Structure formats: C-alpha cells, structure tokens
Amino acid sequence: MIVGIGIDLVDIPRFEAHISRTPKLLERLFSPAERVLKPRSLAARYAAKEALIKALGGSDGVHWTEIEVTPEASGRPWFTLTGSTAEVVAARGISTLHLSMSHDVGFAVAYVVAESATEQETHS
C-alpha cells in the first residue's frame, strides 16, 4: 500500500551557486561518497532527499547525511538509509521506497513513493 509520495525539482545553476557560496553545505547535505559527484548529480540527490522527506510527511528524526542515494549494478538509484533516519522509516511501517530521478537542461527532478507491506491508517 502506498503511504506517501514526494516530488522535488531543483534548478541546477542555482544549486551550484549555493554550494559555491557555502561549501559547508556539502558536509551537511551529502554523505562522503556523494560529495565527490558532479553538481548535476548532487542536485538530483538533493531533490531525491527532499522528495523522500515529503513522502515521509516531514523531517522529524531524519538527517540528510543518513540518506544516501546509491546506484544498483543496473544503474537504478536506491536509498541507503542509516541511523535514526532508517529507524524513522521502519517505525512508520515503510517496507519499500521507490525512487526515480533525472537531470537535464538545468533542472534535476526526483520522485519517491513510500510503500508499506501492511495497510496503514490514513489521515483525512
């Protein structure tokens, strides 16, 4: 059952300008493995993390560096979660996170679907 969805769009040149002005953002937003990537890939990962937070319904207990976007052997992006972020996702009954992301012509976009193996109570 789908328990949350999230989408985010990032303007890559604007994102690059923020990183250039405030290099410490790299340490606050990305894991060490992610920090070596090109700006367009970082922008897509930033969008993925924002989309995940939206799919979760908020950022309580979620830490940016505990969310890493890692590719499978096929190249498909996947979330690797650690620490309290992994605990928050598990506590919310989320069994699977689906991620799609892309970048082109100055924009990066990511879409996340959070799925539970069991039916959850919904909010009206």
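A quick note: this is a predicted structure, and the numbers were derived from the prediction, not measured. (Residues numbered from 1 in each chain as written. Predicted model: local features only at pLDDT ≥ 70, side-chain atom pairs only at ≥ 80, totals over all residues. Heavy atoms only, no water.)

Chemist: If you had to explain unusual backbone geometry to someone new, which residues and values would you point to?
Modeler: For V105, which is not a glycine, the phi torsion comes out positive at approximately 45 degrees. The exposure class assigned to V105 is exposed, which follows from its relative accessible area of 69%. (Buried < 20%, exposed > 50% of the residue type's maximum accessible area, 1.4 Å probe, protein only.)

Chemist: Explain the nonpolar core residue by residue, including any values.
Modeler: If you look at the biggest cluster of nonpolar residues, it comprises 30 residues, and the most contacted ones within it are F15, L52, F79, L97, L99 and V112. Residue assignment for this core shows that the elements contributing at least two residues are helix 1 (12-21), helix 2 (24-29), helix 3 (39-56), strand 2 (67-71), helix 4 (83-91), strand 4 (94-104) and strand 5 (107-116). Here this core gets ten residues from one element, more than from any other, and that element is helix 3. Setting aside residues no more than four positions away along its own chain, L99 makes contact with A48, V69, P77, W78, F79, A110, Y111 and V112. (Core = buried A, V, L, I, M, F, W, Y, C linked by side-chain atoms within 4.5 Å. Helix = DSSP H or I, 4+ residues; strand = E, 2+ residues; numbered from the N terminus. Contact = heavy atoms within 4.5 Å.)

Chemist: Lay out the UniProt feature "binding site: Mg(2+)" (unreviewed entry) in the protein with the relevant residues and their values.
Modeler: According to UniProt, the positions carrying the feature "binding site: Mg(2+)" (unreviewed entry) are D8 and E50. Taking the farthest pair of C-alpha atoms as the criterion, the annotated set spanning 43 residues converges on one region, since that pair is 6.2 Å apart. Examined against the element boundaries, D8 turns out to sit in strand 1 (residues 2-11). In this structure, D8 is in contact with A47, E50, A51, K54, A108, V109 and A110, ignoring residues within four places of it in sequence. Polar side-chain contacts of D8 include one of 2.9 Å to the side chain of K54. Structurally, E50 is set in helix 3. Setting aside residues no more than four positions away along its own chain, E50 makes contact with D8 and W64. (UniProt positions renumbered as here; feature names shortened; annotations may be inferred. Polar contact = N/O pair within 3.5 Å; in protein donor to acceptor, adjacent residues only side chain to side chain.)

Chemist: Run through helix 3, naming residues and quoting values.
Modeler: Given a rise of 1.5 Å per residue, 18 residues ought to cover 26 Å, and the 25 Å separating the end C-alpha atoms of helix 3 matches this to within 8%. Looking one or two places after helix 3, you find G57, whose phi comes out positive at around 85 degrees. (Expected span 1.5 Å × (residues − 1).)

Chemist: An account of the packing of aromatic side chains is needed here, citing residue identities and associated values.
Modeler: Summed over all chains, the structure comprises three aromatic pairs. Ring centres of F15 and Y46 lie 5.7 Å apart, and the angle between their planes is 45 degrees; on these two criteria the pair is classed as tilted. Of the two residues, F15 sits in helix 1 while Y46 sits in helix 3, which places them 31 residues apart along the sequence. Look at Y46 and W64: their rings are 5.2 Å apart centre to centre, the planes differ by 10 degrees, and that puts the pair in the stacked class. Here Y46, found in helix 3, pairs with W64, found in the loop between helix 3 and strand 2; they are 18 residues apart in sequence, far enough to count as distant. Following the ring pairs from residue to residue traces out a cluster consisting of F15, F30, Y46 and W64. (Phe/Tyr/Trp six-rings, centres within 6.5 Å; stacked < 30°, edge-to-face > 60°.)

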